[in-house]
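# Residue-level structure breakdown
Chain residues, written in single-letter form:
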Amino acid sequence: MFGNEDSNSNEDSYVERLLDCIKNGKLPEDRRNAMAELQAVVAESHSAQLAFGTMGFPVLFGVLKELDDVEMVRGAVETLLSALTPISQAKSHKNEVQPAMMNADLLSRDEQNISLLLNLLSEDDFYVRYYTLQLLTALLTNSHVRLQEAILTIPRGITRLVDMLMDREVIRNEALLLLTYLTREAEEIQKILVFEGAFEKIFSIIKEEGGSDGGVVVQDCLELLNNLIRSNSSNQVLLRETIGFDSLISILKLRGSTYSFSQQKTINLLCVLETIRLLMNGGSEADPAKQSEKSTNKTVLAQRKVLDHLLMLGVESQWASVAVRCAAFRCIGDLIYGHRQNLDALASKFLGDEPQVEPALNSILRIILRTSSTQEFVAADYVFKSFCEENTDGQKVLASMLIPQPLSLTHAPFEEDVNMSFGSMLLHGLALSEHDGDLETSCRAASVLSYILKDNIQCKEKVLKIEIESPTPSLGTTEPLLHRMVKYLALAFSKKGKDVKSTNSYVQPIILKLLVTWLSDCPNAVHSFLASRPHLTYLIELISNNDTTVCVRGLAAVLLGECVIFNKSIESGKDAFSIVDAISQKIGLTSYFQTLEEMQKSFVFSSAKPATKMNDNSVSDVEDVEDDVASDPKNEDHPMLAEMFDSQFVNFIKNLETSIRDGVVNLYSHPKSDVSVIPAELEQRKDEADVDYIKRLKLFLEKQCSEIQDLLNRNTILAEDLAKTGGDNSSQTEPRPNSGSDRVQIEKLKRDLLEASQRVDMLKNDNSKLENEVSSYKTLSAKIENDLKSLSDAYNSLEQANYHLENEVKALKNGGSTMGSGLNIEAIKAEAREEAQKESEAELGDLLVCLGQEQSKVEKLSARLMELGEDVDALLEGIGDDTGALDDEDDDEDEDNEK
């Protein structure tokens, strides 16, 4: 231990002496020797790197500033490079200080150091420029953020780096590596490089190196190009509008008659195919013009005949590696996705030489059915997915080609399918498993068929009518294609335990995917599926079988749920209520919903890829699948399913699951509309009177309504609980405040309370109406009293006038009027009395009629008030007192007048 400390101390002092000699030495030769020794010790010693980092940078950067002695400058740059290069040690500890990283951090802290290094790139000495580029690359590896920021702030910093691309070959290659590292996730640097003419220089180097046949330099150029255009719309536009895509597509051209593919050529082709995919994927997600730029790039690429080169690499070239063919298929899928012109171009494209010419889609389908590579199947399958996506017309065209073939042709060897149509080849693949027991071919054909049927009800109805000849006469001459796929699903499960091949781990999910897609929003398909009773039985067994994977059980549960929500049948045993009853009795609603929950948490559904993008590393993701499945016992599903079940399909399943839960809740909450059984209690008994029969029916109906309401409440509570708690039992740590029976009782009390409150409201309304009537009658009574009073006043005035007339008559008598005049006066008086009496009698008659009418109204009102429990005498108390008083006063006045 002490020896190591002494050794480190000696190296520290040794490095210090060398630095002092470099800084203060008088003879140039001594300084050069000291620089050489310093470089050697720093490159070999861990402790020397540490010592150099503490005291060496100011000395060496002082040498770089002088620039008088080229040899000293060269040695200083090489020494700095050695200080930033990690030294491999046999025994190293995780927490041990890394001198190279520490030195890189110290050097990058001062922006002047970076500026000084960039200035060295303009030096004439080859080694100075070469070591400077290597030093910047090493600095970028350990401290890339600071270096990127420093280069952006230094005037002409990027320009000097771009100029290195035109330097000698060795320096050019180092500059390519540096710029490739520098442009990763640095959008500003990417834009500046493009404006400095990086595109022209890159394609110039690729052309000099021989295109795809070139060496690793072509690979570096293409990687730099990909960094410049990845998620960068402005750079993609500049490439398209300035250089164009011709130079890029020319790299795809296969030269020579043998089409030899070396390892480096394969890598170069993969890089240029990635470039094409980046252009078709457009800029960043935040760019509002991304979709339009994607469409423009696809249009221009198609105009430059890129589809022909991609088909050559993916379909026609038998010498290309699987990785290249897969990348070409993915590019074809991206090229046609959502682009009408490119879809039509692929649909009308023919491949091969006369007379063996066939449509390109037929050739791709044959590869799907015949390839031995799982990766190539996934990539070619992506072409059909992109072709059918939002392409209703294309789906109809493909579905129209599905015409059943004779039994002899259906089971013909695959070598005889060259002249088959697309539909015949697809049906051939679907029915081939029945002939030789190979379910993988049928599974692949089922995947293609699922894309043809997706979201297209017309295609679903058409394919539903397809009948396939049965190879066993005892089972009938033909059977629906839908039933054949269910048979293959059962066959795949029976072979799973016997066959050790990993292919069976994805056969069932893909066939289930087809069935789920087919039955979605298609009641006729549901009816056809349920037409065979064993289908429902097998599906229930598949969900209950723990030997199957989580994905298979979940998809089977979704398929069974579709038989509920898309079921329009009214036939007993096949309607939605019967399916729900079967789920409840044979699986259990809790277990059923838990199966759906487990599927959403499975590997396949949690790692789904975006719908329109396939990972560039998907080839390696599904490579050596047998080893992957065997090495990861927790992952029961095939890794390929993560590519086949993209996010679009996963979201489709999630939406279906929600609809299934709601459908089950609704079925449990609502009774059947049709009742076919009539209870005996509804029939009239012998010698039973109609009145008694009606009363008994009324009691029976009231009892039935109460029981039905209780059952509905219980079913609603049960369905809601199951829908909320399915698959989530572990998270329920808090007890429920009320049990199901308590909640039912509460609901019943609420109904009783609601009925009572409604009755109270009705009584209040009646009472309010009666009070309004009483008020109106009081008003009418007061009006009548006023009329009586005015009539009484008129009568009194007449009496007074009569009294005055009598007084006048008496005065005339006393005045000695003649007898004849007296008689005349008496006659006039009698006549006046008679007229006054007639008028009074007429008015009194009218008054008596009004009083009679009002008396009848008062009597009816009194009776109604007595029914309501009101005190009529109290209400009428005081009415008429004023009238009585007025009558008394009139009587007194009459008596006084008589006196």
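Residues numbered from 1 in each chain as written. Predicted model: local features only at pLDDT ≥ 70, side-chain atom pairs only at ≥ 80, totals over all residues. Heavy atoms only, no water.

### Focus: the overall build of the protein
Of regular secondary structure, the protein possesses 45 helices and 4 strands. Burial statistics for the protein: of 899 residues in total, 45% are counted as buried. In the protein, of all internal contacts separated by at least 6 residues, the share reaching a separation of at least 24 is 71%. Summing over all exposed atoms, the protein offers an accessible surface of approximately 46600 Å²; the carbon and sulfur share of this is 51%. (Helix = DSSP H or I, 4+ residues; strand = E, 2+ residues; numbered from the N terminus. Buried < 20%, exposed > 50% of the residue type's maximum accessible area, 1.4 Å probe, protein only. Contact = heavy atoms within 4.5 Å. Areas by Shrake-Rupley, 256 points an atom, 1.4 Å probe, with all protein chains shown as cover.)

### Structural notes on unusual backbone geometry
Even without being a glycine, Ser-231 presents a positive backbone phi close to 55°. Judged by relative accessible area, which is 42%, Ser-231 ranks as partly exposed. Look at Asp-521: it is not a glycine, yet its phi comes out positive at around 60°. For Asp-521, the location among the structural elements is in the loop between α30 (504–519) and α31 (523–530).

### Brief notes about helix α12 (residues 187–195)
Given 3.6 residues to a turn, an α-helix orients residues that are three or four positions apart in the same direction. Within α12, the full set of buried residues consists of Ile-189, Gln-190, Leu-193 and Val-194. Around the axis of α12, the buried residues are gathered within 135° of arc, so they sit on the same side. One or two steps after α12, the chain reaches Gly-197, where phi turns positive at roughly 90°. (Arc of directions from axis to C-beta.)

### Concerning the pattern of salt bridges
Between side chains of opposite charge, pairing is possible as soon as their charged atoms come close. Following the criterion strictly, the structure yields 32 salt bridges and no others. Across the pair Glu-66 and Arg-31 runs a salt bridge whose closest N-O atoms are separated by 3.8 Å. Taken together, the residues span a long stretch of sequence, with Glu-66 in helix α4 (residues 57–66) and Arg-31 in helix α2 (residues 28–44) at a distance of 35 residues. By relative accessible area, which is 18% here, Arg-31 ends up buried. Residues Lys-290 and Glu-285 are paired through a salt bridge, measuring 2.5 Å at the closest nitrogen-oxygen approach. Accessibility expressed as a relative area gives 62% for Glu-285, which makes it exposed. Linked by salt bridges that have partners in common, Glu-29, Arg-32, Asp-69 and Glu-71 make up one network. (Salt bridge = Lys/Arg side-chain N within 4 Å of Asp/Glu carboxyl O.)

### Description of helix α24 (residues 392–400)
Burial in α24 covers these residues: Gly-394, Gln-395, Leu-398 and Ala-399. For α24, the angular spread of buried residues about the axis comes to 135°, placing them on one side.

### Some words on the environment of Glu-358
Relative to the helices and strands, Glu-358 resides in strand β2 (residues 358–359). A C-alpha to C-alpha distance of 7.8 Å links Glu-358 and Asn-419, two positions 61 residues apart in sequence. Polar contacts involving the side chain of Glu-358 include one to the side chain of Arg-366, which spans 2.5 Å. (Polar contact = N/O pair within 3.5 Å; in protein donor to acceptor, adjacent residues only side chain to side chain.)

### Details of a negative patch on the surface
A contiguous patch of negative charge, built from Glu-831, Glu-835, Glu-839, Glu-843 and Asp-846, is present on the exposed surface. Tracing the backbone shows Asp-846 in helix α43 (residues 819–867). (Patch = residues over 30% accessible without salt bridge, like charges linked within 9 Å, V, L, I, M, F, W, Y side chains within 5 Å. Lys, Arg positive; Asp, Glu negative; His and termini not counted. Charge placed at Lys NZ, Arg CZ, Asp CG, Glu CD.)

### Some remarks on the nonpolar core
The biggest cluster of nonpolar side chains holds 215 residues, and the ones touching the most others in it are Leu-38, Leu-64, Leu-161, Leu-346, Leu-481, Trp-518 and Leu-560. Apart from the residues lying within four places of it in its own chain, the contact partners of Leu-64 are Val-73, Ala-76, Val-77, Leu-80, Leu-116, Leu-117 and Leu-120. (Core = buried A, V, L, I, M, F, W, Y, C linked by side-chain atoms within 4.5 Å.)

### A short note on the packing of helix α32 (residues 533–544) against helix α33 (residues 550–565)
α33 packs onto α32 with a crossing angle of 140° between their chain directions and a minimal axis gap of 8 Å. Once α32 is placed against α33, the crossing between them reads as left-handed. Touching Leu-536, Leu-539, Ile-540, Leu-542 and Ile-543 of α32 are Val-552, Arg-553, Ala-556, Ala-557, Leu-559 and Leu-560, all from α33. Of the residues that constitute the contact of α32 with α33, the class distribution is 10 nonpolar, no polar and 1 charged. (Axes fitted to C-alpha atoms, helices over the stretch in contact; angles between N-to-C directions. Left-handed = near helix turned anticlockwise from the far one by under 90°. Nonpolar A, V, L, I, M, F, W, Y, C, P; charged D, E, K, R; others polar.)

### Topic: the packing of helix α3 (residues 46–55) against α4
Running from N to C, α3 and α4 point in directions that differ by 70°, and their axes come no closer than 5 Å. If you check the angle between α3 and α4, you find them roughly perpendicular. Of α4, the residues touching α3 (which contributes Phe-52, Gly-53 and Met-55) are Phe-57, Pro-58, Val-59 and Leu-60. Considering only residue class, the contact of α3 with α4 consists of 6 nonpolar, 1 polar and no charged. (Parallel < 35°, antiparallel > 145°, perpendicular 65-115°, else oblique.)

### Considering the environment of Gly-75
Tracing the backbone through its elements, the reader meets Gly-75 in helix α5 (residues 70–83). On the basis of relative accessible area, Gly-75 is assigned to the buried category, the value being 13%. For the pair Gly-75 and Gln-39, spaced 36 residues apart in the sequence, the C-alpha separation amounts to 7.4 Å.

### Considering the environment of Asp-637
Examined against the element boundaries, Asp-637 turns out to sit in the loop between α38 (625–631) and α39 (641–644). According to the relative accessible area criterion, Asp-637 is buried, its value standing at 4%. Asp-637 sits 87 residues away from Val-550 along the chain, and the two C-alpha atoms are 8.0 Å apart. Setting aside anything within four residues of it in sequence, one finds Asp-637 in contact with Thr-549, Cys-551 and Val-604.

### A few points about the packing of aromatic side chains
Considering all chains together, one arrives at 10 aromatic pairs under this definition. Between Phe-52 and Phe-57, the ring centres sit 5.3 Å apart and the planes meet at 65°, which makes this aromatic pair edge-to-face. Exposure remark for Phe-57: the relative accessible area of 9% places this residue in the buried category. Aromatic pair Phe-645 and Phe-649: ring centres 4.9 Å apart, planes at 45°, arrangement tilted. Take Phe-649: its relative accessible area is 8%, and that puts it in the buried class. Through a chain of ring-to-ring contacts, the aromatic side chains of Phe-126, Tyr-127, Tyr-130 and Tyr-131 assemble into a single cluster. The ring of Phe-126 carries Arg-168 above its face, with NZ or CZ at 4.3 Å from the centroid. (Phe/Tyr/Trp six-rings, centres within 6.5 Å; stacked < 30°, edge-to-face > 60°. Lys NZ or Arg CZ within 6 Å of the ring centre and 35° of its normal.)

### Quick word on the confidence of the model for the protein
In this model, the protein carries an average pLDDT of 81, and 80% of its residues clear a pLDDT of 70 or more. Within the protein, helix α20 (residues 322–336) carries the highest mean pLDDT (96), whereas α38 carries the lowest (42). Across residues 615–635, where pLDDT falls below 50, the model places 28 contacts with residues more than four positions away in sequence or in other chains. Segment residues 727–741 is flagged for pLDDT under 50; beyond a separation of four residues in sequence, or across chains, it makes 12 contacts in the model. (pLDDT = per-residue confidence, 0-100.)

### A few points about the side chain of Arg-444
Locating Arg-444 in the fold gives a position in helix α27 (residues 439–453). Not counting chain neighbours up to four residues away, the residues in contact with Arg-444 comprise Ile-368, Leu-369, Arg-370, Thr-371, Ser-373, Phe-377 and Tyr-506.

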